[in-house]
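Commentary on secondary and tertiary structure
For reference, the chains in residue letters:
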Amino acid sequence: QKEVEQNSGPLSVPEGAIASLNCTYSDRGSQSFFWYRQYSGKSPELIMSIYSNGDKEDGRFTAQLNKASQYVSLLIRDSQPSDSATYLCAVNSGGGADGLTFGKGTHLIIQP
Amino acid sequence: DVKVTQSSRYLVKRTGEKVFLECVQDMDHENMFWYRQDPGLGLRLIYFSYDVKMKEKGDIPEGYSVSREKKERFSLILESASTNQTSMYLCASSPTRAGALHFGNGTRLTVT
């Protein structure tokens, strides 16, 4: 069973601080990694993708991947109240597997 | 921008009814997916399709079927709705089988 694990939270972060969200996955053959943001009552929205070890930055967001540790993280700099949402980590296991396996999400709250 | 449109935002059906959930995408994507999302269980893959008239079971296909007669349209069918199928249903499309998913707005189905 391929698993993607996230701390459900809530994770509470002051406005302007760095929010750090973490995800581990069980399948060592995983090849594609994604972060989605989901506001309450809305569908998931892709915010970052990462495919190789290291960091990938896009605006205030940085995704970090460490395949040896089977660990992927998302950093949000200068956190804003509008960043309050549930963040879903998603993984594709490769090897011809279809679709993504999702973690259950981390609920992030940015305190003004 | 990719647009994935689900025909109904909210739906209420009775136990035993046959239910059709429709999804259309406008980006000529080969791959389409149906997920359901439940509190505490996250997103789970029901069925996917990588070509017209092709379908593959996901992790929880029991009680569901699908139809893909045209590339842009992927329908989820609940043959005989049951109360445990009350959920948020999310359709998604992707240009590759292992790539990022683009989600529709979701259909919140209640079976009474």
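Please refer to the structure placed before this passage.
Because the structure is predicted, anything quoted here is derived from the model rather than measured.

Attention now moves to the overall build of chain A. The helix and strand tally for chain A stands at zero helices and 11 strands. Walking chain A from its N terminus toward its C terminus, one meets helices and strands in the order β-β-β-β-β-β-β-β-β-β-β. Taken over C-alpha atoms, the radius of gyration comes to 13 Å for chain A, in line with the 13 Å a tight globule of 112 residues would show. Based on the C-alpha atoms only, the size of chain A along its principal axes is roughly 45 × 30 × 20 Å. Counting across all 112 residues of chain A, residues that qualify as buried make up 46%. Excluding contacts between residues fewer than 6 apart, the proportion of contacts in chain A whose partners are at least 24 apart in sequence is 55%. When the accessible surface of chain A is split by element, carbon and sulfur atoms take 46% of a total near 5300 Å². Of note, chain A has its 9 positive side-chain charges centred 3 Å away from the centre of its 11 negative side-chain charges.

On to the state of the cysteines, then. Residue and element names in this part refer to chain A. One pass over the full model with this rule turns up two disulfides over all chains. In this model Cys 23 forms its disulfide with Cys 89; the gap between the sulfur atoms is 2.1 Å. Since a negative S-S torsion denotes a left-handed disulfide, the Cys 23-Cys 89 link at about -75° is left-handed. Here Cys 23 is found in strand S3 (residues 19-25), whereas its partner Cys 89 is found in strand S9 (residues 85-92), with 66 residues between them in sequence. Each member of the pair Cys 23 and Cys 89 is classed as buried.

Moving on: the environment of Ser 8 of chain B. All names here are of chain B. For Ser 8, the location among the structural elements is in the loop between strand S1 (4-6) and strand S2 (10-13). Taking C-alpha positions, Ser 8 is 5.7 Å from Thr 107, a pair spaced 99 residues apart along the chain. Filtering out sequence-adjacent residues up to four positions away, Ser 8 remains in contact with Gly 106 and Thr 107.

By size, the foremost hydrophobic cluster in this structure holds 23 residues, and its most contacted members are Trp 35, Val 72, Leu 74, Ile 76 and Tyr 87 of chain A. Contributing elements (two or more residues each) for this core: S3, strand S4 (32-38), strand S5 (45-50), strand S7 (61-66), strand S8 (71-76), S9 and strand S11 (106-111) of chain A. Discounting chain neighbours no more than four positions away, the residues touching Ile 76 of chain A are Ala 17, Ile 18, Ala 19, Leu 21, Arg 60, Phe 61, Asp 83, Tyr 87 and Leu 108 of chain A. If you look at the next biggest cluster of nonpolar residues, it comprises 20 residues, including Trp 34, Ile 60, Leu 76 and Tyr 89 of chain B.

Residue and element names in this part refer to chain A. Within S4, seven of the seven residues are buried, leaving the element largely enclosed by the surrounding structure. As defined by bridge partners, S4 adjoins S9 across seven bridges and the pair is classed as antiparallel. When the sheet's bridge partners are listed, Gln 38 is paired in S9 with Thr 86. One ladder, built from five bridges, connects S4 with S5; its direction is antiparallel. Residue pairing in the sheet places Arg 37 in a bridge with Glu 45 of S5. Once S4 ends, the chain turns through six residues before running back antiparallel as S5, passing Gly 41 with a positive phi of about 80°.

A few words now on the interface of chain B and chain A. Listed by partner, the interface residues are 20 residues for chain B and 17 residues for chain A. Note on chain B versus chain A: buried area summed over both sides is about 1500 Å², and carbon and sulfur give 54% of it. If you sort the residues of chain B by the area they bury against chain A, Leu 43, Ala 98 and Phe 103 of chain B come out on top, with a joint share of 29%. For the interface between chain B and chain A, the tally reads zero salt bridges. Elements with a contribution of two residues or more to the side of chain B that touches chain A: strand S5 (31-38), strand S6 (42-49) and strand S10 (87-94) of chain B. No other element matches the four residues that S6 of chain B contributes to the side of chain B that touches chain A. Each residue belonging to the side of chain B that touches chain A can be placed in one class, and the counts come to 12 nonpolar, six polar and two charged.

Let us look at the side chain of Ser 79 of chain A. Residues and elements named next belong to chain A. Residue position: Ser 79 is located in the loop between S8 and S9. Within polar-contact distance, the side chain of Ser 79 engages the backbone oxygen of Ile 76 at 3.4 Å. Discounting chain neighbours no more than four positions away, the residues touching Ser 79 are Val 13, Pro 14, Glu 15, Gly 16, Ala 17, Ile 18, Ala 19, Arg 60 and Ile 110.

With that out of the way, let us pick up the side chain of Arg 36 of chain B. Residue placement: Arg 36 of chain B occurs in strand S5. Beyond its immediate stretch of four places on either side in the chain, Arg 36 of chain B contacts Gly 42, Leu 43, Arg 44, Ile 46, Ile 60, Tyr 64, Asn 84, Gln 85, Thr 86, Ser 87, Met 88 and Tyr 89 of chain B.

Analysis parameters
- Residues numbered from 1 in each chain as written.
- Chains lettered and ligands numbered in written order.
- Predicted model: local features only at pLDDT ≥ 70, side-chain atom pairs only at ≥ 80, totals over all residues.
- Heavy atoms only, no water.
- Helix = DSSP H or I, 4+ residues; strand = E, 2+ residues; numbered from the N terminus.
- Rg over C-alpha atoms; globule rule 2.2 N^0.38 Å.
- Buried < 20%, exposed > 50% of the residue type's maximum accessible area, 1.4 Å probe, protein only.
- Contact = heavy atoms within 4.5 Å.
- Areas by Shrake-Rupley, 256 points an atom, 1.4 Å probe, with all protein chains shown as cover.
- Lys, Arg positive; Asp, Glu negative; His and termini not counted.
- Charge placed at Lys NZ, Arg CZ, Asp CG, Glu CD.
- Disulfide = S-S within 2.5 Å.
- Core = buried A, V, L, I, M, F, W, Y, C linked by side-chain atoms within 4.5 Å.
- Pairing = 2+ DSSP bridges.
- Buried area = accessible area lost by both parts, 1.4 Å probe.
- Salt bridge = Lys/Arg side-chain N within 4 Å of Asp/Glu carboxyl O.
- Nonpolar A, V, L, I, M, F, W, Y, C, P; charged D, E, K, R; others polar.
- Polar contact = N/O pair within 3.5 Å; in protein donor to acceptor, adjacent residues only side chain to side chain.

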